[in-house]
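# What the coordinates show
Here's the letter readout for the chains.
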Amino acid sequence: MEKKIYERPIIKPLNTGLMNKFGTRTEYLAMTHIDGVAVKELIKNYGSPVFVYSEAKIRSNFQNAKRAFTTRYPKVQFAWSYKTCYLNAICNIYHQEGSWAEVVSRFEYDKALKNGVPGNKIIFNGPDKTAEDLTLAIDNDSLIHIDHFDELYMLTEIAQQKNVKPRVAIRVNMDCGVYPLWDRFGFNYETGQAWDAISKILVTGSLNLVGLHTHIGTYIMSSAAYAVAASKMADLALGIRNKFNKSIEYIDMGGGFASKNTLKGSYLQATDYVPEISEYADAICSTLLTSGFQANELPYLYLETGRALIDDAGYLCGSVIANKRLSDGRKATIMDFGVNLMFTSFWYDHKITPAQEFGHHTEENVLYGPLCMNIDVVRSSIMLPPLKTKDNVVVHHVGAYCVTQSMQFIALRPKVVLIDMDDKVHIIKNNESLEDLEKNEISPGYLLKSTL
Ligand SMILES: *Cc1c(COP(=O)(O)O)cnc(C)c1O
């Protein structure tokens, strides 16, 4: 074998923060204020970490979405998806804007009632409704969306016993080009299961089939999928008219529009690949308008949009606990918030920005949370300027699901505050205390104490 040619090794500086095709420093501009309120003040007054919602953003997002649909279709009704964020103050912003309530469990249903939503403006979804839940929903004239045949039979029996005709829709699942298929909820379109359910309802005559419902998935990046879904829903509605001479009052297209959070592993930023609400609106409205309904029999269009309306209205402000070097030389920063408050960091690369001005040097960082478990990684790789202990950061796009999916594993949950339209700050949920945590614990007498 010939001897290889020797080349002298060189040392070269690593350049970070240079231009890439998206410009410079896209991920790490300082964010010192939220709606005019200093992040440092928020942390000083309400603790660290703290969830912060912007009422102005919530309302403007909602109004934009509503405009996108009402300028394309004559009959539109939104229903706020409670599980996306069911803090009462937040729900009531949506109700003030005209949104009904969309709930998927009994306690969410009770919450909507307590928030003053009239029973007939509550949409009751989900696979787990007991006979008692269904009876309550019937008594309140709510819209019951049936998920499976067992529920259909149970509801039919209750209706027959009570001699009432509850208003129902069936949930339909279908192939609309998004895989894996979401076929675990509702009745399948392609196999004829949906039509089977519809026929059973209409020939039995015990339930009043007023609508058709679908929710094709969540964070759906293709507006075309909604066009396919809307055409299949329209096909069912027109089939019902033709076969049973009955007009469906509404088609509920569910939620699932993507928010501007970037998925892990994606090359582009979400702002570059996620459709605008108007594109989803166009796909749905154009399909319904051209699908064969007479102008005077167009069904109402219901929407249960969750994450796309609120994700970017919620922030998590937190602090640096410590820095360290990992054994492979990478820099690690430990934050006072982790996957306990950001369940979503398992699939999103949440945007995180320092809350104070900084210089030009940046370095690749692993961001860890404070939990004593290895999977508590907020960002596995993020370019950030050096962050010192007690420095603050703002995590973006945590308005959807983070609060409702948060857990108290080794750390009590923090306060949630709302910045109102006049930039005034209100606590809308207090931080948890040890008493809150132990409220439901019961120790048998002999386990009340120990002697060490
Ligand atoms: C979760 C859910 C929604 C809201 O979904 P997003 O993806 O947050 O828009 C709407 N409808 C139903 C039935 C749901 O389960």
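Residues numbered from 1 in each chain as written. Predicted model: local features only at pLDDT ≥ 70, side-chain atom pairs only at ≥ 80, totals over all residues. Heavy atoms only, no water.

In the nomenclature of an unreviewed UniProt entry, the chain is known as Alanine racemase of Chryseobacterium salviniae. Here is the UniProt Cofactor (unreviewed entry) comment for the chain, exactly as written: "pyridoxal 5'-phosphate". (UniProt positions renumbered as here; feature names shortened; annotations may be inferred.)

The geometry of an aromatic ring pair is captured by the separation of the ring centres together with the interplanar angle, meaning the angle of the planes. Applying the stated criterion across every chain, the model contains 21 aromatic pairs. Ring centres of Y226 and Y280 lie 5.4 Å apart, and the angle between their planes is 85°; on these two criteria the pair is classed as edge-to-face. With Y226 in helix α8 (residues 223-244) and Y280 in helix α10 (residues 277-289), the pair connects residues that are 54 residues apart, well separated along the chain. Residue Y226 shares its accessibility class with Y280, and that shared class is buried. Members of the aromatic cluster, connected to one another through ring pairs, are F62, F69, F78, W80, Y94, Y226, F257 and Y280. Of note, K129 hangs over the ring of F124, and the distance from its end group to the ring centre comes to 5.7 Å. One cation-aromatic arrangement involves K200 over F149; the distance from NZ or CZ to the ring centre is 4.5 Å. (Phe/Tyr/Trp six-rings, centres within 6.5 Å; stacked < 30°, edge-to-face > 60°. Helix = DSSP H or I, 4+ residues; strand = E, 2+ residues; numbered from the N terminus. Buried < 20%, exposed > 50% of the residue type's maximum accessible area, 1.4 Å probe, protein only. Lys NZ or Arg CZ within 6 Å of the ring centre and 35° of its normal.)

In the vicinity of the ligand there are 16 residues, among which K83, T218, G256, E304 and Y401 approach most closely. At 2.8 Å from an oxygen atom of the ligand is found a main-chain nitrogen or oxygen belonging to R307. With respect to the pocket detection grid, the ligand is positioned in the second largest pocket. Partitioning the shell around the ligand into residue classes produces one nonpolar, 10 polar and five charged. (Near = heavy atom within 4 Å. Polar contact = N/O pair within 3.5 Å; in protein donor to acceptor, adjacent residues only side chain to side chain. 1 Å grid on protein atoms, 1.4 Å probe; cavity = no way out; pocket = protein on both sides within 12 Å on 5 of 7 lines; lining within 4 Å. Sits in = over half its atoms within 2 Å of the grid points. Nonpolar A, V, L, I, M, F, W, Y, C, P; charged D, E, K, R; others polar.)

The calculated volume of the second largest pocket comes to roughly 400 Å³. Taken together, 23 residues line the second largest pocket, and the ones lying closest to its centre are K83, V104, R171, W182 and H215. Split into classes, the residues belonging to the lining of the second largest pocket amount to seven nonpolar, 11 polar and five charged. (Points joined across faces, edges and corners; volume = space filled by probe spheres on them.)

With four bridges joining them, strand β14 (residues 331-335) and strand β16 (residues 363-368) adopt parallel strand pairing. When the sheet's bridge partners are listed, A332 is paired in β16 with V366. Here five bridges tie β16 to strand β17 (residues 377-384), and the two strands are oriented antiparallel to one another. Its bridge partner lying in β17, N365 is registered against I382. (Pairing = 2+ DSSP bridges.)

What follows concerns the UniProt feature "domain: Orn/DAP/Arg decarboxylase 2 N-terminal" (unreviewed entry) in the chain. The feature "domain: Orn/DAP/Arg decarboxylase 2 N-terminal" (unreviewed entry), as given by UniProt, occupies residues 57-309 in the numbering adopted here. The span residues 57-309 is 43% helix and 15% strand, and its two end C-alpha atoms sit 9 Å from each other.

Before going further, it helps to spend a moment on the pairing of strand β4 (residues 76-81). Moving residue by residue along a regular strand, the side chains alternate between the two faces of the sheet. Most of β4 sits inside the fold, with six of its six residues counted as buried. Sheet topology note: the β4/strand β12 (residues 300-303) ladder contains three bridges and is parallel. When the bridges of β12 are listed, F78 appears paired with L303. Here β4 runs beside strand β5 (residues 100-103); their pairing, made up of three bridges, is parallel. Each bridged residue has a counterpart across the sheet, and for S81 the counterpart in β5 is E102. A crossover links β4 with its parallel partner β5, the connecting element being helix α3 (residues 88-96), and its sense is right-handed. (Right-handed = clockwise from strand over helix to strand, strands pointing away.)

Let us look at the domain arrangement of the chain. Per the domain assignment, the segments of the chain are domain 1 (19-52 + 312-431) and domain 2 (55-311). Taking only C-alpha atoms, the centre of domain 1 and the centre of domain 2 are 33 Å apart. With 27 residues of domain 1 in contact, the opposing surface of domain 2 contributes 30 residues. Summing the contributions of domain 1 and of domain 2, the shared interface buries around 2600 Å²; its carbon and sulfur component is 57%. On the domain 1 side of the interface with domain 2, the three residues burying the most area are D312, Y348 and Y401, jointly 25% of the side's total. Applying the counting criterion to the domain 1 and domain 2 interface returns two salt bridges. Here domain 1 and domain 2 share 18 residue pairs in polar contact (both at pLDDT 80 or more) between them. If you list the elements that add at least two residues to the side of domain 1 that touches domain 2, you get β19 (416-419) and β20 (425-429). Broken down by element, the residue count for the side of domain 1 that touches domain 2 peaks at three residues, all from β19. Split by residue class, the side of domain 1 that touches domain 2 holds 14 nonpolar, seven polar and six charged. (Domains from an automatic or database assignment. Contact = heavy atoms within 4.5 Å. Buried area = accessible area lost by both parts, 1.4 Å probe. Salt bridge = Lys/Arg side-chain N within 4 Å of Asp/Glu carboxyl O.)

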